[in-house]
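# Topology and contacts: notes
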Amino acid sequence: MLRRTGAIGALIGLLAALLLTTSATAADPPARPAEAADGGCGVLAPGATAAAERAVEAACQQVAAGVWYSWGGGHGPQPGPTYGKVDPSDPASEHDPERLGFDCSGLVRHAYAQATGADILDGDASAQYYTHRTAERFTAADGLAPLRPGDLLAYGTSADLHHIAIYLGAGRMVEARQSGTKLMVSDARLGGDYFGAVRVNTGTVAGPVLRTWGTGVWTKAQPSVRAARVYAFPGPTTIRVACQKHAEVVTAEGYTNDAWSYLPDYRAWVTNIYIQGPAWLDGVPACTT
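So, here is what we can say about the structure in this document.

Conventions and cut-offs
- Residues numbered from 1 in each chain as written.
- Predicted model: local features only at pLDDT ≥ 70, side-chain atom pairs only at ≥ 80, totals over all residues.
- Heavy atoms only, no water.
- Helix = DSSP H or I, 4+ residues; strand = E, 2+ residues; numbered from the N terminus.
- Buried < 20%, exposed > 50% of the residue type's maximum accessible area, 1.4 Å probe, protein only.
- Areas by Shrake-Rupley, 256 points an atom, 1.4 Å probe, with all protein chains shown as cover.
- Core = buried A, V, L, I, M, F, W, Y, C linked by side-chain atoms within 4.5 Å.
- Contact = heavy atoms within 4.5 Å.
- Pairing = 2+ DSSP bridges.
- Disulfide = S-S within 2.5 Å.
- Polar contact = N/O pair within 3.5 Å; in protein donor to acceptor, adjacent residues only side chain to side chain.
- Expected span 1.5 Å × (residues − 1).
- Salt bridge = Lys/Arg side-chain N within 4 Å of Asp/Glu carboxyl O.

## Thoughts on the overall build of the protein
Tallying secondary structure elements over the protein gives five helices and 16 strands in all. Within the protein, the fraction of its 289 residues that count as buried is 43%. Total accessible area on the protein stands at roughly 14,500 Å², and carbon and sulfur atoms take up 56% of it.

## Quick notes on the nonpolar core
The biggest cluster of nonpolar side chains holds 55 residues, and the ones touching the most others in it are Tyr112, Leu152, Ile166 and Tyr266. Per-element accounting of this core gives the leading share, seven residues, to helix α3 (residues 50-64). Setting aside residues up to four positions removed in sequence, Ile166 forms contacts with Val56, Ala59, Val108, Ala111, Gly150, Asp151, Leu152, Leu153, Met173 and Val174. Residues Tyr155, Ala165, Tyr167 and Tyr194 belong to the second largest nonpolar core, which totals ten residues.

## With respect to the side chain of His110
Tracing the chain through its elements places His110 in helix α4 (residues 104-116). For His110, a relative accessible area of 8% gives the class buried. Apart from residues lying up to four places away in sequence, His110 is in contact with Ala58, Gln62, Pro79, Gly80 and Phe102.

## Considering the pairing of strand β9 (residues 194-200)
For β9, a buried count of six out of seven residues is recorded, marking the element as mostly surrounded by other parts of the structure. Relative to β9, strand β5 (residues 152-157) runs antiparallel, the two being bridged by four bridges. Bridge pairing in β9 places Leu152 opposite Val198.

## A closer look at the state of the cysteines
Here is the idea: a disulfide is a covalent bond, and it sits between the sulfur atoms of two cysteines. Overall, the coordinates contain two disulfides when judged by the stated rule. Put simply, Cys41 and Cys60 are joined by a disulfide, and their sulfur atoms are 2.0 Å apart. Of note, the bridge from Cys41 to Cys60 carries an S-S torsion of about -85° and is left-handed in sense. Remark: Cys60 occurs in helix α3 and Cys41 occurs in the loop between α2 (34-37) and α3; sequence separation between them is 19 residues. In this structure Cys41 comes out as buried when scored by relative accessible area, which is 7%. Residue Cys60 is classed as buried on the basis of its relative accessible area of 7%. By sequence order of its bonded cysteines, the protein has the disulfide arrangement 1-2, 3-4.

## Quick word on the environment of Asp187
Structurally, Asp187 is set in strand β8 (residues 184-187). When the C-alpha positions of Asp187 and Gly169 are compared, they lie 10.0 Å apart, and in sequence the two are 18 residues distant. With residues up to four places along the chain from it excluded, the contact list for Asp187 reads Gly171, Arg172 and Met173. One polar contact links Asp187 to Arg172, side chain to side chain, over a distance of 2.8 Å.

## As for the side chain of Ser179
Within the secondary structure, Ser179 is located in the loop between β7 (172-175) and β8. There is a polar contact of 2.6 Å between the side chain of Ser179 and the side chain of Asp96. With near-sequence residues (within four places) excluded, Ser179 lies in contact with Tyr69, Trp71, Asp90, Ala92, Ser93 and Asp96.

## A look at α3
Given a rise of 1.5 Å per residue, 15 residues ought to cover 21 Å, and the 21 Å separating the end C-alpha atoms of α3 matches this to within 8%. Looking at the packing, one finds that the buried side of α3 touches β3 (100-102), α4, β6 (160-169), β7 and β8. Downstream of α3 by one or two residues, Gly66 has phi in the positive range, about 70°.

## Focus on the pattern of salt bridges
The final tally for this structure, using the stated rule, is eight salt bridges. Its salt-bridge partner being Asp119, residue Arg109 comes within 2.8 Å of it at the nearest N-O pair. Remark: Asp119 occurs in the loop between α4 and α5 (125-129) and Arg109 occurs in helix α4; sequence separation between them is ten residues. The class of Arg109 is buried, set by a relative accessible area of 1%. Here Asp119 falls in the partly exposed class, since its relative accessible area comes to 33%. Between Arg109 and Asp122 there is a salt bridge, and its shortest N-O distance comes to 3.6 Å.

Distances and angles like these do not, on their own, reveal function.
Dropping the structure here:
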């Protein structure tokens with residue numbers, strides 16, 4: 001009788017302990033991973049350089065701070081949030097002049113300036129995608145498989161890239177998307193007008209870096225005005241020039257020249273008329289093929 005009573009007492013004690021454990025578990029659920037606490041913004045995959053990871057972290061800090069999208073924001077004399085302006089094509093931008101924030105390229109500029117300590121990606125989405133600081137380029141057909149955190153995803157066409165975002169890994173990206181919203185983390189959109197991605201070279205740039213002039217200047221698949229168009233420079237920008245050669249004679253803007261330069265970051269040619277400097281560029285080698 002005594003042994004039976006002791007067994008019952010032990011069973012009651014065990015049930016009480018289980019009830020207490022269940023109650024504590026319900027009241028105190030396990031903490032979520034740190035990345036989930038702020039909407040999943042962070043470095044979500046391996047393989048990125050330290051500078052690219054710092055760029056991701058800098059962008060995510062702005063997300064965590066609840067910073068607004070602001071059209072034209074982030075394009076002041078120095079990287080960082082600025083008040084925006086009204087986009088004539090978007091009624092939702094009416095409050096952007098009151099909002100301290102970033103547009104898409106302003107956020108990219110700020111993130112990489114924080115990461116490197118230098119303003120290496122000044123300009124709009126097109127200038128950032130076609131930067132002379134390209135380490136590697138990917139087409140839309142490549143998908144997400146080759147991408148690493150910090151890579152830049154661009155949207156639009158070769159002549160008009162209108163949006164850019166920073167890849168986080170795991171199919172996610174951080175972006176300043178549109179007026180009326182705050183900076184956000186989104187699924188990487190590969191459909192629609194997704195154009196491709198670029199990996200940023202934050203180190204030494206090989207080859208002469210020169211500057212173009214003019215607006216709407218097309219690069220060509222071959223050194224000829226009749227060749228297929230590749231990309232149009234919307235305005236003056238910096239370019240990396242691999243070599244130059246004498247080819248088709250071009251007359252434009254009051255100048256005549258037969259020299260063309262090959263731009264490795266675009267895999268395209270441009271007439272030297274639109275590159276600042278002499279007709280035959282100093283310090284640029286002649287193409288051997």
